[in-house]
Amino acid sequence: GTGENDMTLTNYWWLLIWLFVGGGILTILIPKQRELVEGKMEERWSSLAAFLLILPYIFWAGFRQDLWDTASYRQAFAECASSFGEINTYLTGITKDKGFYFLMALVKSVFGNSDVIYFLVLAVFQLFIIMWLCRKYSEDYWFSIFLFIASTDYISWTWNGIRQFTAVVIIYAATPLIIKKKFIPSILLILLASTMHQSALLMIPVIFIIQGKAWNKKTILCILASLVVLMFVDQFTNIMDSLLAETQYVNVVSDYQAWNDDGTNPLRVLVYSIPMILSLVGLKYIRMEDDPVINFAVGASIIASGFYIISAATSGLFLGRLPIYVSAWSQYILLPWEINHMFTDRSVRIIKIVAVICYCVFFFYQMRFAWEVL
């Protein structure tokens, strides 16, 4: 049902308030712990504290208002098979992303007809993986989760593009495999993700490109390729048209021309390119540490920026959704590391405070003016 519930978030300022209040309390009450990450002893938030910080966001995603795609997901859930016996017949009528609809029917067969429970189950799955990724690989868990919320990624991924985000988190779950170059299991997970959203297949070449030292020849070639695409953007959309002719994106190129989709907002492109810019400026620090996780994240930041730059010149609706396959690595893992390692202790505090203020302003701009929900 769509009735407003006690758990429904109506004041979106709470997304940020909880981060500061809840995050502050958790930092004081639950001490950090030391653990081994990719062969190095690191200081990390405890699992309990990490979970408690993310918990309200799980509930808010479950008990959400009818924003953006929510209504169409509710309808799809209402129409999908409701018992194990019906699933097979139901799936024969689905033409694309069968994995996602299979998952939907599975949740309904197990938990019943409540779309709130369906959204909750998805949010638990998605946010647990984001929590695990940031707790394991980020030097500053709170800051990473703050970036996830304040950049409005949380809202646009767990409330809106949930089918694609399900594919995205499956790929993030493969992070340790990709870093260790275990390509066969990584590709199997990407293939699984592609049953949720076909665009996941693009990650197969990407996991090879982002290997190796930061700013190696492969990644530089990638940037050059992006620039070539920009110069020949009209031909590129024609190539895209023919490449996508047989896929679910068949009408994407004509659609974004018809909808006048003028590409991703340049402000967003700039915000998402900061990790890449910093990685170039502070390359000597990255080379000095030679941390496999950070080398990998730098590759991801270059790919993310490449996607965003092209999407600003073409289609925000289609291409603007591709960087999310790599942007968690560059935003939530690389950026906190860069701030901590490239500046003096005193500057780190100032930079973090400035970053927090800037992201809060971005949050306000996006929620109030771009989406008009605040």
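Look up a bit, the structure's there.
Residues numbered from 1 in each chain as written. Predicted model: local features only at pLDDT ≥ 70, side-chain atom pairs only at ≥ 80, totals over all residues. Heavy atoms only, no water.

Draft legend 1. Up close: the packing of aromatic side chains. Taken as a whole and assessed by the stated rule, the structure comprises 29 aromatic pairs. Here the aromatic rings of Phe183 and Phe208 are separated by 4.3 Å at their centres, their planes lie at 35°, and the arrangement is tilted. Of this pair, Phe183 sits in helix 11 (residues 183–194) while Phe208 sits in helix 12 (residues 203–209), and the two are 25 residues apart along the sequence. On the basis of an interplanar angle of 90° and a centroid distance of 5.8 Å, the ring pair of Phe364 and Phe369 is categorised as edge-to-face. A connected cluster of aromatic rings, assembled from ring pairs, spans Tyr12, Tyr57, Trp60, Phe148, Tyr154, Trp157, Trp159, Phe165 and Tyr332. The aromatic ring of Phe143 is capped on one face by Lys352, whose charged end is 5.5 Å from the ring centroid. (Phe/Tyr/Trp six-rings, centres within 6.5 Å; stacked < 30°, edge-to-face > 60°. Helix = DSSP H or I, 4+ residues; strand = E, 2+ residues; numbered from the N terminus. Lys NZ or Arg CZ within 6 Å of the ring centre and 35° of its normal.)

Draft legend 2. How the structure looks around the packing of helix 16 (residues 266–281) against helix 19 (residues 324–342). Where helix 16 contacts helix 19, the axes come no closer than 9 Å and their chain directions differ by 50°. In terms of orientation, helix 16 lies oblique with respect to helix 19. In this structure, helix 16 meets helix 19 at a crossing whose hand is left-handed. Contact residues: helix 16 offers Val271, Tyr272, Ile274, Pro275, Leu278 and Ser279, while helix 19 offers Ser327, Ser330, Gln331, Leu334, Leu335, Glu338 and Met342. Here the contact of helix 16 with helix 19 is composed, by residue class, of eight nonpolar, four polar and one charged. (Axes fitted to C-alpha atoms, helices over the stretch in contact; angles between N-to-C directions. Parallel < 35°, antiparallel > 145°, perpendicular 65-115°, else oblique. Left-handed = near helix turned anticlockwise from the far one by under 90°. Contact = heavy atoms within 4.5 Å. Nonpolar A, V, L, I, M, F, W, Y, C, P; charged D, E, K, R; others polar.)

Draft legend 3. Focus on the pattern of salt bridges. Overall, the coordinates contain six salt bridges when judged by the stated rule. Salt-bridge contacts for Asp97 lead to Arg163; the nearest nitrogen and oxygen are separated by 2.1 Å. Placement of the pair is Asp97 in the loop between helix 4 (84–92) and helix 5 (98–111) and Arg163 in helix 9 (residues 162–173), with a sequence separation of 66 residues. No difference in accessibility class separates Asp97 from Arg163, as the two residues are buried. Note that Lys213 and Asp290 form a salt bridge whose closest N and O atoms lie 3.1 Å from each other. Highlighted residues: Lys213 in the loop between helix 12 and helix 13 (217–231) and Asp290 in the loop between helix 17 (283–289) and helix 18 (292–313), separated in sequence by 77 residues. Judged by relative accessible area, Lys213 falls into the partly exposed class, the value being 46%. (Salt bridge = Lys/Arg side-chain N within 4 Å of Asp/Glu carboxyl O. Buried < 20%, exposed > 50% of the residue type's maximum accessible area, 1.4 Å probe, protein only.)

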